[in-house]
Amino acid sequence: MVAATLDHVRTEIEAPDRLGALLGAVVSPDWPPGEYDASAMEFFRERLVEGGPAVVGWYGWYAIRNADKDQPAALVGAAGYLGPPDGQGDVEIGYSILPGFRAMGYATEITHALVSHASADPRVRRILAHTRSDNPGSIRVLERCGFRMTGDGSEPRSLRFELAV
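Overview of the structure. (Residues numbered from 1 in each chain as written. Predicted model: local features only at pLDDT ≥ 70, side-chain atom pairs only at ≥ 80, totals over all residues. Heavy atoms only, no water.)

**Side note on the packing of helix 1 (residues 6-14) against helix 3 (residues 38-51)**
Short version of the rule: Under this scheme, a helix contributes an axis fitted over its contacting stretch, all axes are lines through C-alpha atoms, and angles between N-to-C directions fall in the 0 to 180 degree range. Put simply, DSSP H or I for four residues or longer makes a helix, DSSP E for two residues or longer makes a strand, and each gets a number counted from the N terminus. Working rule for handedness: look at the near helix, and if it is turned counterclockwise from the far one by less than a right angle, call the crossing left-handed; if clockwise, right-handed. Here a residue-residue contact requires only that any non-hydrogen atoms of the pair lie within 4.5 Å. Gly falls in the polar group here, along with every residue not listed as nonpolar (Ala, Val, Leu, Ile, Met, Phe, Trp, Tyr, Cys, Pro) or charged (Asp, Glu, Lys, Arg).
Here helix 1 crosses helix 3 at 145°, and the two axes come no closer than 9 Å. Both helix 1 and helix 3 take part in a crossing whose hand is left-handed. For the pair formed by helix 1 and helix 3, the contact residues are Leu6, Val9, Arg10, Glu12, Ile13 and Glu14 on the first element and Met41, Glu42, Arg45, Leu48 and Val49 on the second. Counted by class, the contact of helix 1 with helix 3 contains six nonpolar, no polar and five charged residues.

Below you can see the structure in the form of structure tokens.
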């Protein structure tokens, strides 16, 4: 996992063909995955401009599969938080995996990493996540990582999950 800096996100938006060189990983022509779209990139860029280096790690992260003898390092997904902990100690996570890398454990590994990062901050009391009710894979990931469903989410057909820290 690589925390997205302002330079990463600007490159991703303005010159996506150079993102791979910046990350040291192959970037699929299918990038970006799922809900990590242009509006999410713009949101992260704006927050990084506003917050500066102090907020790096509280927005976007790039999930990179390590190289091995048969394959180069590859960008497999995007993940992150909607920002630093709020006044109640809540943070919300999200993740999206490229279709060619789904059902390989990456989402679970990414979610564990996000939980670990947030749990290391003494301000964090609870980690939130939302997923669609028709996304059983994402529901399983959250449950495997210790989250429990607490009700309907704010969007139609979405569910809210929570993990106390």
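**Some remarks on unusual backbone geometry**
In this chain, tryptophan 31 is followed by proline 32 through a cis amide linkage whose omega measures 10°. Secondary-structure assignment places proline 32 in the loop between helix 2 (19-23) and helix 3. Even without being a glycine, alanine 103 presents a positive backbone phi close to 60°. Structurally, alanine 103 is set in the loop between strand 4 (90-97) and helix 4 (106-119). Positive phi, close to 60°, is recorded for arginine 157, a residue that is not glycine.

**Focus: the sheet that holds strand 7 (residues 158-164)**
Here is the rule we go by: What makes two strands pair is DSSP finding at least two bridges between them.
Pairing is mixed across the open sheet formed by seven strands, whose spatial order is 1-2-3-4-5-7-6. Each edge of the sheet is formed by a strand with only one pairing partner; in this case those strands are strand 1 (2-3) and strand 6 (148-152). Here strand 1 pairs with strand 2 (residues 60-65) via two bridges, running antiparallel. Of the residues in strand 2, the one forming a bridge with valine 2 is tyrosine 62. Strands in contact with helix 4 are strand 2, strand 3 (74-81), strand 4, strand 5 (126-132) and strand 7; relative to strand 4, the strand with the most contacts, it is inclined by about 160°.

**Focus on the pairing of strand 7**
In summary, the side chains of a regular strand alternate between the two faces of the sheet. Here is the rule: The rule is simple: take the accessible area with a 1.4 Å probe, protein chains only, and divide by the maximum for that residue type; under 20% is buried, over 50% is exposed, in between is partly exposed.
Of all seven residues making up strand 7, five are buried, and the element is well covered by its neighbours. Counting the residues in the hairpin turn of strand 6 and strand 7 gives five residues, including arginine 157, whose phi is positive at 60°.

**Considerations on the pattern of salt bridges**
How we decide: Salt bridge criterion: a side-chain nitrogen from Lys or Arg within 4 Å of a carboxyl oxygen from Asp or Glu.
Inspection of the entire model under this criterion finds nine salt bridges. Across the salt bridge formed by glutamate 46 and arginine 47, the nearest N and O atoms sit 3.6 Å from each other. For glutamate 46, a relative accessible area of 41% gives the class partly exposed. Members of the salt-bridge network, linked through shared partners, are Asp90, Arg126, Arg160 and Glu162.

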